[in-house]
Amino acid sequence: MAKSKGKNSDYKAASQYSTSKTDDKKGKKTTSTMDRAQKIANDRKKRKAQQQNKPREKGKIKEYFKGVKLEMKKVVWPTRKELGSFTVVVLCTCAAFALLFWGLDSGTLAAIKAICF
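Residue numbers here run from 1 along each chain, matching the order of that chain's written sequence. Where totals are concerned, whole chains, interfaces and linings use all residues; where local detail is concerned, this predicted model gives features only for residues with pLDDT of at least 70, and gives and counts side-chain atom pairs only at 80 or more. With hydrogens and water stripped out, all remaining heavy atoms of the structure feed into the side-chain values.

K.L.:
Sorry, what's going on with the overall build of the protein chain here?
P.N.:
Helical segments are the DSSP runs of H or I of at least four residues, strand segments are the runs of E of at least two, and each set is numbered from the N terminus. Counting secondary structure elements, the protein chain contains four helices and two strands. The order of helices and strands in the protein chain, counted from the N terminus, is α-β-β-α-α-α. Exposure categories follow from relative accessible area, calculated using a 1.4 Å probe and restricted to protein chains: below 20% of the type maximum is buried, above 50% is exposed, and the middle band is partly exposed. Considering the protein chain as a whole, with its 117 residues, one finds that 3% of them fall into the buried category. Surface accessibility follows the Shrake-Rupley procedure with a 1.4 Å probe radius. Residue values consider only the protein chains on display as shielding. When the accessible surface of the protein chain is summed, it comes to about 11,700 Å², and 62% of that surface belongs to carbon and sulfur atoms.

K.L.:
Sorry, what's going on with the pattern of salt bridges here?
P.N.:
One side chain can pair with another of opposite charge once the charged atoms of both are near each other. Here a salt bridge means any side-chain nitrogen of Lys or Arg lying within 4 Å of a carboxyl oxygen belonging to Asp or Glu. The tally for this structure, following the rule as stated, stands at two salt bridges. For Lys66, the salt bridge identified is with Glu63, shortest N-O distance 4.0 Å. Of this pair, Lys66 and Glu63 both sit in helix 3 (residues 58-74), separated by three residues, roughly a single helical turn. Residue classification places Lys66 among the partly exposed residues on the basis of a relative accessible area of 45%. Glu63 sits in the partly exposed class, given a relative accessible area of 49%.

K.L.:
Can you walk me through the confidence of the model for the protein chain in this structure?
P.N.:
Detailed reading of the predicted coordinates is not advisable wherever pLDDT falls low. The predictor's confidence in any single residue is recorded as pLDDT, a number from 0 to 100. Per-residue pLDDT for the protein chain has a mean of 80; in total, 69% of the residues score no lower than 70. We call two residues in contact when some of their heavy atoms are within 4.5 Å. Predicted confidence is poor over residues 12-19, with pLDDT under 50, and the contacts of this stretch with residues over four places away or in other chains come to seven contacts.

K.L.:
What's the story with the packing of aromatic side chains in this structure? I'm lost.
P.N.:
By convention here, two paired aromatic rings are described through the distance between centres and the angle between planes. Side-chain rings of Phe, Tyr and Trp, where Trp is taken by its six-membered ring, are said to pair if the distance between their centres is within 6.5 Å; with planes under 30 degrees apart they count as stacked, over 60 as edge-to-face, and otherwise as tilted. As enumerated under the stated definition, the model contains two aromatic pairs in all. When the centroid spacing of 5.2 Å and the interplanar angle of 75 degrees are considered together, the rings of Tyr64 and Phe65 count as edge-to-face.

K.L.:
Looking at this structure, I do not really get the side chain of Ser32. What am I missing?
P.N.:
Residue position: Ser32 is located in the loop between strand 2 (29-30) and helix 2 (33-53). The buried category is assigned to Ser32, whose relative accessible area is 12%. Two N or O atoms count as a polar contact when they lie within 3.5 Å, although within protein this holds only if one can serve as hydrogen donor and the other as acceptor, and sequence-adjacent residues are included solely when both atoms are side-chain atoms. A distance of 3.1 Å separates polar atoms of two side chains, one belonging to Ser32 and the other to Asp35.

Written as structure tokens, this is what we have:
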């Protein structure tokens, strides 16, 4: 199929093949892609409007925090020794990066001063 020029030409060309028609084998009516998309969009709008009109149920909030509590019980917390070693690793890494960036910054400043001044 050759492309026709103009705005939305591909859509128009494709839409001629997806019109509503009756399927001979099953006797069911098929709908176009645009009709189905429009129906889905309308259904979403209706559901959203219904959800906005409903007041919040207090039970749902309570159930949410019960779920949070259950999940927190499943967490494997580090031991005191592990926590101490993790803290040391984080502090050493931060110090190493601080020294690295200080060195890069000082070197860049020295290079700029040497070139410009």
